[in-house]
Amino acid sequence: MRHGSIPGARGRVRPLTLLGDAVLREPCRDVTDFGPDLAALVEDLFATMYAARGVGLAANQVGVPLRVFVYDCPDDEDVRHLGHVVNPRLVEADGVVIRGPEGCLSLPGLEAGTERYDHAVVEGRTVTGEPVTVHGTGFFARCLQHECDHLEGEIYADRLTGWRHRKLMRQVSRASWHRGS
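Every value quoted in this text rests on a predicted model; they were computed, and no experiment measured them.

Before we move on, can you summarise the side chain of D72 with the specific residues and values?
Along the chain, D72 falls in strand β2 (residues 68-74). In this structure the side chain of D72 is engaged in a polar contact, spanning 2.6 Å, whose partner is the side chain of Y50. Only 2.6 Å separates the side chain of D72 from the side chain of R80, close enough to count as a polar contact. Beyond its immediate stretch of four places on either side in the chain, D72 contacts M49, Y50, V55, R80, H81 and L82.

An account of the sheet that holds strand β1 (residues 56-58) is needed here, citing residue identities and associated values.
Taken in spatial order, the 5 strands make up an open sheet running β1-β2-β3-β4-β5, and their pairing is antiparallel. In this open sheet, the two strands that pair with only one neighbour each are β1 and β5 (131-137). This sheet shows a mean twist of 30° between the axes of neighbouring strands, independent of strand direction. Its contacts with the sheet place helix α2 (residues 138-151) against β1, β2, β3 (80-103), β4 (111-125) and β5, and it is angled at close to 80° to β4.

Please give an account of the environment of G100 that cites residues and values.
Turning to its location among the elements, G100 is positioned in strand β3. On a C-alpha basis, the gap between G100 and P88 in space is 23 Å, while along the polypeptide they are 12 residues apart. Not counting residues up to four positions away in its chain, the partners in contact with G100 are A112, G113, T114 and R142.

A description of the packing of aromatic side chains should follow, citing residues and the corresponding values.
The way to describe two aromatic rings as a pair is by their centre distance and the angle between their planes. Inspection of the entire model under this criterion finds 3 aromatic pairs. Ring geometry for F69 and Y71: centres 6.2 Å apart, planes at 50°, overall tilted. Taken as a pair, F69 and Y71 share a single burial class, namely buried. With centroids separated by 5.1 Å and ring planes inclined at 50°, the aromatic side chains of Y71 and F140 adopt a geometry described as tilted. Here Y71 is found in strand β2, whereas its partner F140 is found in helix α2, with 69 residues between them in sequence. Three or more aromatic residues joined by ring pairs make a cluster, and in this case those are F69, Y71 and F140.

Rules used in this analysis
Residues numbered from 1 in each chain as written. Predicted model: local features only at pLDDT ≥ 70, side-chain atom pairs only at ≥ 80, totals over all residues. Heavy atoms only, no water. Helix = DSSP H or I, 4+ residues; strand = E, 2+ residues; numbered from the N terminus. Polar contact = N/O pair within 3.5 Å; in protein donor to acceptor, adjacent residues only side chain to side chain. Contact = heavy atoms within 4.5 Å. Pairing = 2+ DSSP bridges. Axes fitted to C-alpha atoms, helices over the stretch in contact; angles between N-to-C directions. Phe/Tyr/Trp six-rings, centres within 6.5 Å; stacked < 30°, edge-to-face > 60°. Buried < 20%, exposed > 50% of the residue type's maximum accessible area, 1.4 Å probe, protein only.

Structural data, given as C-alpha cells:
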C-alpha cells in the first residue's frame, strides 16, 4: 500500500467464511512471500471488513489460511487504531480481565459476553516485511486478541463456558446463515 492511500480502496470485497467452514478451525500458515499478492490480500481484507462493518478481519475469514489480519478499531478512549499485521504473535495479554460484548463477522448478528484482558501487544510484520509492534488497550486490546485467536483456528465462542456457550450455540443453530453440522 502506498503512503496516503485509503486502505481497501483498491481491494475487492470477498465472501466471508462462516462458522462451520473448516478454514476457521485450522491454524493459519506463516506468510513467506511479501509481494504483490500479499498487498492485494491486505487491500481485500480492508475492503471486506468495511463492507461488513467490522473492526477487524483475519485472512481465514475470507478463506485464506495465512497469518494476516487488518483492523480499524477504537480503544476505550475513542482513539482510532488502523493497520494490519502479517505473521502476528500475541506477545502480551495482561491487565484486568473484562467480560464485554464480542461479536464476529463469521457469526453474523450474534454476540456474547466474552472475557479478555484489557491490554495486549502483538508483534509481526507489515505488508512490506518491516517489523511492527502494536499495543492495544480496552476494546482495541479485545480486537487484537480476537484476531490472533482466528489465526490459531479459534473463535470467541471457544472462550465461553456454561450457559453463555450454550446460549450462543442455540443462537447459531437458529441463525439464517447456519448450515448445520
